[in-house]
Amino acid sequence: AGGATAAVQAFAAGCVEAKLTVQQTHDYWLNYMREEYKAEKPPPEVVAFMLHQQEWLRAQMMDSVNDGDEYWEAMKLVMAQWDGFAQGIAQFATSEQLAILSPASLYLLCSVGDLETINGLVKRAPLPVPSLETEDHLPCSALISLQTTADGESVSDIFASQATWRS
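What you are looking at is a predicted structure, and each value in this text was computed from that prediction instead of being measured.

## A short note on the nonpolar core
Alright, step 1. Grouped together as the largest cluster of nonpolar side chains are 30 residues, with contacts concentrated most on W29, I89, L106, L108 and L115.
Alright, step 2. The biggest single contributor to this core is helix α3 (residues 70-92), with seven residues.
Alright, step 3. Beyond its immediate sequence surroundings of up to four residues, W29 is in contact with P42, I100, L101, S105, L108, L109 and L115.

## A word on a nonpolar patch on the surface
Alright, step 1. A cluster of nonpolar side chains, contributed by I144, L146, V155 and I158, occupies part of the molecular surface with about 400 Å² of accessible area.
Alright, step 2. Counting only elements with at least two residues in the nonpolar patch, the list comes to β1 (140-148) and β2 (155-164).
Alright, step 3. Within the fold, I144 resides in strand β1.

## Some points on the pattern of salt bridges
Alright, step 1. The final tally for this structure, using the stated rule, is four salt bridges.
Alright, step 2. Here E35 ties to K38 by a salt bridge, and the two come within 3.9 Å at their closest N and O atoms.
Alright, step 3. A salt bridge links K76 to D67; the nearest nitrogen and oxygen atoms lie 4.0 Å apart.

## Some points on the packing of helix α2 (residues 44-62) against α3
Alright, step 1. Viewed as axis vectors pointing N to C, α2 and α3 meet at an angle of 130°, and their least axial separation amounts to 10 Å. Relative to α3, α2 is oriented oblique. Helix-helix and strand crossings are classified by hand; for α2 and α3 the assignment is left-handed. On α3, the residues that touch Q54, W56, L57, R58, Q60 and M61 of α2 are W72, M75, K76, M79, W82 and D83.

## As for the packing of α2 against helix α6 (residues 112-122)
Alright, step 1. Two numbers describe how α2 lies on α6: the axes approach to 10 Å, and their chain directions differ by 125°. Taken together, the axes of α2 and α6 lie oblique to each other. Regarding α2 and α6, the two cross each other, and that crossing is right-handed. Residues E45, V46, F49 and M50 of α2 touch α6, and the partners they reach there are L115, I118, N119 and V122.

Calculation rules
- Residues numbered from 1 in each chain as written.
- Predicted model: local features only at pLDDT ≥ 70, side-chain atom pairs only at ≥ 80, totals over all residues.
- Heavy atoms only, no water.
- Core = buried A, V, L, I, M, F, W, Y, C linked by side-chain atoms within 4.5 Å.
- Buried < 20%, exposed > 50% of the residue type's maximum accessible area, 1.4 Å probe, protein only.
- Helix = DSSP H or I, 4+ residues; strand = E, 2+ residues; numbered from the N terminus.
- Contact = heavy atoms within 4.5 Å.
- Patch = residues over 30% accessible without salt bridge, like charges linked within 9 Å, V, L, I, M, F, W, Y side chains within 5 Å.
- Areas by Shrake-Rupley, 256 points an atom, 1.4 Å probe, with all protein chains shown as cover.
- Salt bridge = Lys/Arg side-chain N within 4 Å of Asp/Glu carboxyl O.
- Axes fitted to C-alpha atoms, helices over the stretch in contact; angles between N-to-C directions.
- Parallel < 35°, antiparallel > 145°, perpendicular 65-115°, else oblique.
- Left-handed = near helix turned anticlockwise from the far one by under 90°.

Here it is in structure tokens:
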């Protein structure tokens, strides 16, 4: 990585990731679409929403107001890696794989944790509103444990764990 910038390194990491995982990426996205959408492509409303979100994200990354901001600098690296991943898929995927692995579908795939909510909104299905006062199940579980000092006066460490309960 000698003189390569962090963005070039992130892009290269994305290309390597694509090369190593193109088959798994194809299989996962195909299975997700068949299960979630009962089709081999996502609804156009979901794609449009996510592409609009990506445009906004890229605009924020380029906004001079955000120059030097740690968060936006990190986002630039994340997106450089994603760009490398998308370009790598385009280079290494077979024509059959490319039939479903467009840059838009790859962006959705990388956002799969949020798609459950977005899909529900697009389908106009009401989202469940869990109540902490009932035995309703929440989509996630978390455990947070504080370790205190021997005298019990202050916190010496925090342990956290999370699990997602999704279809």
